[in-house]
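# Structural characterization, general
Listed below, chain by chain, are the residues.
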Amino acid sequence: MSSLQILHYSVKRHHMVHKVSSLLDAYSGLLSNESVILVVNSSFVDPLLQFESQLKIIESSFRMLVVMPSLDKIKEMGSSNEDFEDMENLYHNILNTYENILLTLVSKDLYKLQILKEMLVWMSKDRSYLQERIMVIINKVLRFTVTKVRKYTSVDAPCLGLLAAELSLLCSHEDPSIVQQASLGMCHLLYIAQCQYDIRTNKPTNDKSYSLQFPSSDVEFLPKEFQQDKSKIAQRVGQTLLPSLLTDFVWSLLMKLSSPDDKIASDAASILKFTLEFHAKKVTMVTKIVDAIYRQLCDNNCMKDVMLRVITLLTCTSPKKVIFQLMDYSVPADDTLIQMWQAAGSEASVAPHVLKTILLILKGKPEEMEDTLTQGKCFSLDATNLMPLAASQALCTFLPLGSYKKAVAQFFPQLLMTLMFQVFYSKELKLTPRDNALYAQDALRVLLNCSGLQQVDITLTKENFWDQLSEDPCCYCGVYFIAKTLSEYNFPQFPETLRYLYKLSVEGPRRSEDTVIIVIFLTELLNNFFKDPFPEEFLVLFTNWINDANPIVSKLILQRIAHMSPVVNKIENVSSILIAIVDAFLSKDDTVVFQALVTLRRLLNKLDKVTYSLGTRIGSSYCPLMDHIDGGIRSMAIQHFGELVRDMRQYTWMLNDVILEGLVPLILFLEDDEERVAEACKYTLKICTSQLKWSTSHLLKDENYSFEMVVLNICNNLIISHRNYITNLISDTLGFLWSSRTYLKKASVILIGYLAKSGGHLLLREEIEVMLDVIERLLRDEDPAIKELAEITYDIFKKIADKLTSATLKQNFQKLLKFFYIKKLKPLYNYNSLKDQIDSPTDSKDIKNDKTL
């Protein structure tokens, strides 16, 4: 043997020894790992920590396997048959040991089937010659699991979805032997999943009822239906896996779309699409999937078409979840998000559900806190909720789609009003000019153009309406103008819009500003479409709105009622609306009170006098307003009171009590500092005294006017015709004695003096004592004029008190005598008000006490 041959033999021998050594090292390492795993498996360590440690050991063992030399290479080294047989036995012992470790783990806990999934991941990265053998091991473990689960009353194997995803991809492997093993593995896995499904649904497991019969041996059963048939795989997996497991299956395939291996990505895409086409309704965690797709698309993933198709399929079965997630990104939307919107809107069948979801989002107010939203909502919005802005922008994408034409027509009223609300809300946002895009306004224009109302948009544009609307801080005028323009073009959606507005009104809007918009829109439509007769079903709405908590609503509806008075007055029973207007007199908002006065007068001017059965109540409602702090309201209430009395001159008997009820303020405010109030008092007193058959009117003319003479005349008439009211009038006057307005103090001191003079005999001693106490306080007033007037009045009450005796019989006799004996009063104060002095400069400025009684 030559030296070269000897060297060659030595090298081969050295390699042979090295290979044998590596096999022995692998075997000893596996045995050591097996011991550790058994110890850990029998310990009471936390299950999660236990699994993590065991997984690391299994991975270490797996790395030992894949670096082993193949038997073919060992045979090529020229070893003897006896040596090769020994190494072959060692080789199989190593693989069997690894297999036994897996069986040991799975036999105790099905959760550890997760290890098989990890093995498939390691195998795809390693590309080892042992791939087929590893698949055989996995199949044996799955087959062993099948025999176990048949006897179980519960099956907890949460990794089946992830494992199914890995096996499904291997069913399209280039190597037929891998495909065969993967298909067999899928069969085993689906049997396990079927058992799990049957147990969860309380359905008894029955092999005969299961379409994938469990094979008696690997050789006899070759599940060809799974080999290279992605559609079959998708159908079987979707039918068998529980929703949570199917979601894992879908999620795993979705992640594979970004694989650098084009074949894996393509196979995953096909299986994913088939799965969702058949079973998308079973998929949970839809929002997580949608978010993952958005992130991948933003990273320019090459499988864009597939991912957008996934969005379409998920939208068909879970539109609410998909749309909510698509609206939860930053505003304005980027191109990627717009493409996802287009994908979500590509199916006409789901268009109504998509629009319903968007309308639900648009019920929210941008930047509204979460706890103010509808109770029981399913989606969490952060404190700076901008989803309504995104939804408005999304409508600009959805509405023009051909697939949405029918749905847009169906939801036109809801979209119209919701976008009107959003236009108003957007005015309150404090965003940068870039962010504060007019999404709701743009969507509103798109809605008009998609609903056959292009001419409405053209008209509004010519009027520069859209630009003005974006600049108008309130936009209430814009609501009116849109409603008016729609009415002018007789928009065909009027009936359903009116029905929806009525429904909104009855149910009650979520916010007071919504009510304002509804009132404007509804009243304008009614005003344009119902000239005669007015639909009475809206009467209750109007009545409720008159006294709405929002004063803007109250004022608006009162204005609209006044404007529509010719129509409203033709309602058969208008009393309810009149009563509501009268109740509005009690509003704390002066503008509401003022408008209520105007509206009521407009209606009364048109109403048939037969409706004055409410005259007494209406008249009484004016009385408290005669002393209102606002001069405009005072003068109007007094003026309208006189007009009511004038209109009811044929029914004077109905209002006599009310006239006397308002007599005190009518007299006192003759001295009002505001000329309009004083003139209103003169106007109304002329009417009232005329109706009472009193000869007072001539004294109310400017050339004859003297406050004291008017008071004297009225009191003389009271003595003659209405003496029983005098004590009530005295009581009414007392309330004005402490007014902060000087002219009221002076006037009330004079009036109460004359009333006491004319009706003092009707007062009891206790009442006189109260009067004296009140007047005595005015004797200390800072104004000398008031003090002088109070002295005269005090003297009047003092003399009345002196004439009274404690004897009840004598007191009653005096009253009876006074009842039959009438003596007209004479001037007591010789009072000249500032008005009298201006009109008659020669009159005396002194106040003298007429001692003659």
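In this text, all values refer to a predicted model and were calculated from it rather than measured experimentally.

Another aspect to go through is the packing of aromatic side chains. Under the counting rule described, the total for this entry stands at 13 aromatic pairs. Both rings, one in Phe491 and one in Phe494, keep their centres 6.1 Å apart while their planes meet at 85°; by these two values the pair is edge-to-face. Exposure remark for Phe491: the relative accessible area of 2% places this residue in the buried category. For the pair Phe669 and Phe736, a centre-to-centre distance of 6.2 Å together with 85° between the ring planes defines the contact as edge-to-face. Placement of Phe669 in the loop between helix H34 (663-668) and helix H35 (675-691) and of Phe736 in the loop between helix H37 (726-734) and helix H38 (742-759) is noted, with a sequence separation of 67 residues between them.

Looking at the protein chain, pLDDT values average 81 and 81% of them are 70 or higher. Scored below 50 in pLDDT, residues 816-822 shows 6 contacts in the model against residues more than four places distant or in partner chains.

Right, let's get into the pattern of salt bridges. Counted under the stated rule, the structure contains 27 salt bridges. Between Lys682 and Asp702 there is a salt bridge; the shortest N-O distance is 3.1 Å. One end of the pair, Lys682, is in helix H35; the other, Asp702, is in the loop between H35 and helix H36 (707-721), and 20 residues separate them in sequence. Lys682 sits in the buried class, given a relative accessible area of 8%. Take Asp702: its relative accessible area is 43%, and that puts it in the partly exposed class. A network of salt bridges, in which partner residues are shared, links Arg601, Glu643, Arg646 and Asp647.

Right, let's talk about unusual backbone geometry for a bit. Most of the time, phi is negative for any residue but glycine, and the peptide bond is trans. The step from Val331 to Pro332 runs through a cis peptide bond, and the omega angle for that step is 0°. Looking at the secondary structure, you find Pro332 in the loop between helix H14 (319-326) and helix H15 (335-344). Here the phi dihedral of Met285 falls at roughly 55°; this positive angle occurs in a residue that is not glycine. Met285 gets classed as partly exposed once you look at its relative accessible area, which sits at 40%. For Lys693, which is not glycine, the phi torsion reads 65° and is therefore positive. Along the chain, Lys693 turns up in the loop between H35 and H36. For Lys693, a relative accessible area of 73% gives the class exposed.

What counts, and where the lines are drawn
- Residues numbered from 1 in each chain as written.
- Predicted model: local features only at pLDDT ≥ 70, side-chain atom pairs only at ≥ 80, totals over all residues.
- Heavy atoms only, no water.
- Phe/Tyr/Trp six-rings, centres within 6.5 Å; stacked < 30°, edge-to-face > 60°.
- Buried < 20%, exposed > 50% of the residue type's maximum accessible area, 1.4 Å probe, protein only.
- Helix = DSSP H or I, 4+ residues; strand = E, 2+ residues; numbered from the N terminus.
- pLDDT = per-residue confidence, 0-100.
- Contact = heavy atoms within 4.5 Å.
- Salt bridge = Lys/Arg side-chain N within 4 Å of Asp/Glu carboxyl O.

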